[in-house]
Amino acid sequence: MDINGAHVLVAGATGVIGGAFTAELAARAARPALAGRGPGRLARAAQEYPGAPIALFDAYVPETCARAVYSAAAVLGGLEVVVVAFGSVAFGRADMVGDEVAERLMAVNVLTSAAFLEPGVVTDRPQPGMADYNASKAALSAWLAAVCRDARPAGIRVLEVRPGHLDTGFASRAVAGTAPPLPPGGDLRQVVRAGFDALATDAETVRTAPDGTPVIEPRAR
């Protein structure tokens, strides 16, 4: 698809990754709508993109996610793309994290993300000390794989971006535990550009090679 002029909802537009996607959208002459969880941060983000619709959502109330989608579509006259760029992380062995944290990770990384429709990070190379986080992202990836096939007859395409580790400050906002030693983060702008290039070629996945370079994988026919 041609992203120029496209109507795109960015869920998590107030975060580092979501902000980078929004900036790239604007640079490519798309029309973004911004969804976030904090009123103040969302208002500040909206100041950078005059005229962009905004919507608040609660990560623990999936219906607010659907409401954000419908609201953005109504204002823009439809949506061609929905970008999900948010999540929650925790560190620690599976026997130490606890059910409450595991439940939170599944709620935010799977159910809330699924309510918007798009993914994440570590399904290819799970990291030690992050079992519950890895499980939540792998669950979303599996769900998306099924949705991709279900939605194909209706002409809906799903692109999964797996950027690997990025230095966005995400690890410092863990809901539990302390981050283990992590490799140097990849280039966020490079990942974002690869994501939009993948949309233009109707690819299925963007993953990260061992050297940190984004790799666009074609859609299985």
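Draft legend 1. Region of the structure containing the overall build of the protein. A tally of helices and strands in the protein yields 7 helices and 7 strands. The linear arrangement of helices and strands in the protein, starting from the amino end, is β-α-β-α-β-α-β-α-α-α-β-α-β-β. Whereas a compact globule of 221 residues would reach a radius of gyration of roughly 17 Å, the protein reaches 17 Å, a difference of no more than 12%. When its C-alpha atoms are laid out on the principal axes, the protein stretches across 50 × 40 × 35 Å. Sorting the 221 residues of the protein into buried and exposed places 46% on the buried side.

Draft legend 2. Representation of a positive patch on the surface within the structure. Together, Arg37, Arg41, Arg44, Arg104 and Arg173 make up a positively charged patch on the protein surface. Note that Arg173 resides in the loop between strand 5 (160-161) and helix 7 (188-200).

Draft legend 3. View of the sheet that holds strand 7 (residues 214-218). One open sheet accounts for 3 strands, arranged 5-6-7; its pairing is mixed. The sheet is open, and its two borders are formed by strand 5 and strand 7, each paired with just one other strand. Bridging between strand 6 (residues 203-208) and strand 7 involves 5 bridges; their strand directions are antiparallel. Looking at strand 7, one finds that Thr208 is bridged to Pro214.

Draft legend 4. Up close: the nonpolar core. Grouped together as the largest cluster of nonpolar side chains are 30 residues, with contacts concentrated most on Ile3, Val8, Leu25, Leu34, Val83 and Phe196. Only strand 1 (7-11), helix 1 (16-27), helix 2 (39-48), strand 4 (81-84), helix 7 and strand 6 provide two or more residues apiece to this core. The biggest single contributor to this core is helix 7, with 7 residues. Once residues within four sequence positions are removed from consideration, Phe196 is found in contact with Ile3, Phe21, Glu24, Leu25 and Arg28. The next biggest cluster of nonpolar side chains, apart from the first, holds 17 residues, and it includes Ala11, Phe57, Ala59 and Ala72.

Draft legend 5. View of the sheet that holds strand 2 (residues 31-36). The sheet built from 4 strands is open, its strands ordered 3-2-1-4 with parallel pairing. A single partner strand is all that each edge strand has here, and the edge strands are strand 3 (54-56) and strand 4. Between one strand and the next, the sheet's axes are offset by a mean angle of 20°, whatever the strand orientation.

Draft legend 6. Spotlight on the packing of aromatic side chains. The tally for this structure, following the rule as stated, stands at 4 aromatic pairs. The interplanar angle of 45° and the centroid separation of 5.2 Å between the aromatic rings of Phe57 and Phe86 together place this pair among those described as tilted. Residue Phe57 is found in the loop between strand 3 and helix 3 (62-76), and its partner Phe86 is found in the loop between strand 4 and helix 4 (94-97); the two are separated by 29 residues along the sequence. Three or more aromatic residues joined by ring pairs make a cluster, and in this case those are Phe57, Phe86 and Phe116.

Draft legend 7. Quick look at the layout of surface pockets. Approximately 510 Å³ is the volume attributed to the second largest pocket. Taken together, 24 residues form the lining of the second largest pocket, with Glu80, Val81, Val82, Arg157 and Leu199 sitting closest to its centre. Among the elements that make up the lining of the second largest pocket, the one with the highest residue count is helix 7 (4 residues). For the lining of the second largest pocket, the class distribution of residues is 17 nonpolar, 2 polar and 5 charged.

Draft legend 8. Fine view of helix 2. Those residues of helix 2 that fall on the buried side of the exposure criterion are Leu42, Ala45 and Ala46. The arc that holds the buried residues of helix 2, viewed along the axis, is 100°, so those residues lie on one side. Summarising the geometry of helix 2, the exposed residues directed more than 90 degrees from the buried face are Arg44, Gln47 and Glu48. Structurally, helix 2 contributes buried residues whose contacts are with strand 2 and strand 3.

What counts as what
- Residues numbered from 1 in each chain as written.
- Predicted model: local features only at pLDDT ≥ 70, side-chain atom pairs only at ≥ 80, totals over all residues.
- Heavy atoms only, no water.
- Helix = DSSP H or I, 4+ residues; strand = E, 2+ residues; numbered from the N terminus.
- Rg over C-alpha atoms; globule rule 2.2 N^0.38 Å.
- Buried < 20%, exposed > 50% of the residue type's maximum accessible area, 1.4 Å probe, protein only.
- Patch = residues over 30% accessible without salt bridge, like charges linked within 9 Å, V, L, I, M, F, W, Y side chains within 5 Å.
- Areas by Shrake-Rupley, 256 points an atom, 1.4 Å probe, with all protein chains shown as cover.
- Salt bridge = Lys/Arg side-chain N within 4 Å of Asp/Glu carboxyl O.
- Lys, Arg positive; Asp, Glu negative; His and termini not counted.
- Charge placed at Lys NZ, Arg CZ, Asp CG, Glu CD.
- Pairing = 2+ DSSP bridges.
- Core = buried A, V, L, I, M, F, W, Y, C linked by side-chain atoms within 4.5 Å.
- Contact = heavy atoms within 4.5 Å.
- Axes fitted to C-alpha atoms, helices over the stretch in contact; angles between N-to-C directions.
- Phe/Tyr/Trp six-rings, centres within 6.5 Å; stacked < 30°, edge-to-face > 60°.
- 1 Å grid on protein atoms, 1.4 Å probe; cavity = no way out; pocket = protein on both sides within 12 Å on 5 of 7 lines; lining within 4 Å.
- Points joined across faces, edges and corners; volume = space filled by probe spheres on them.
- Nonpolar A, V, L, I, M, F, W, Y, C, P; charged D, E, K, R; others polar.
- Arc of directions from axis to C-beta.

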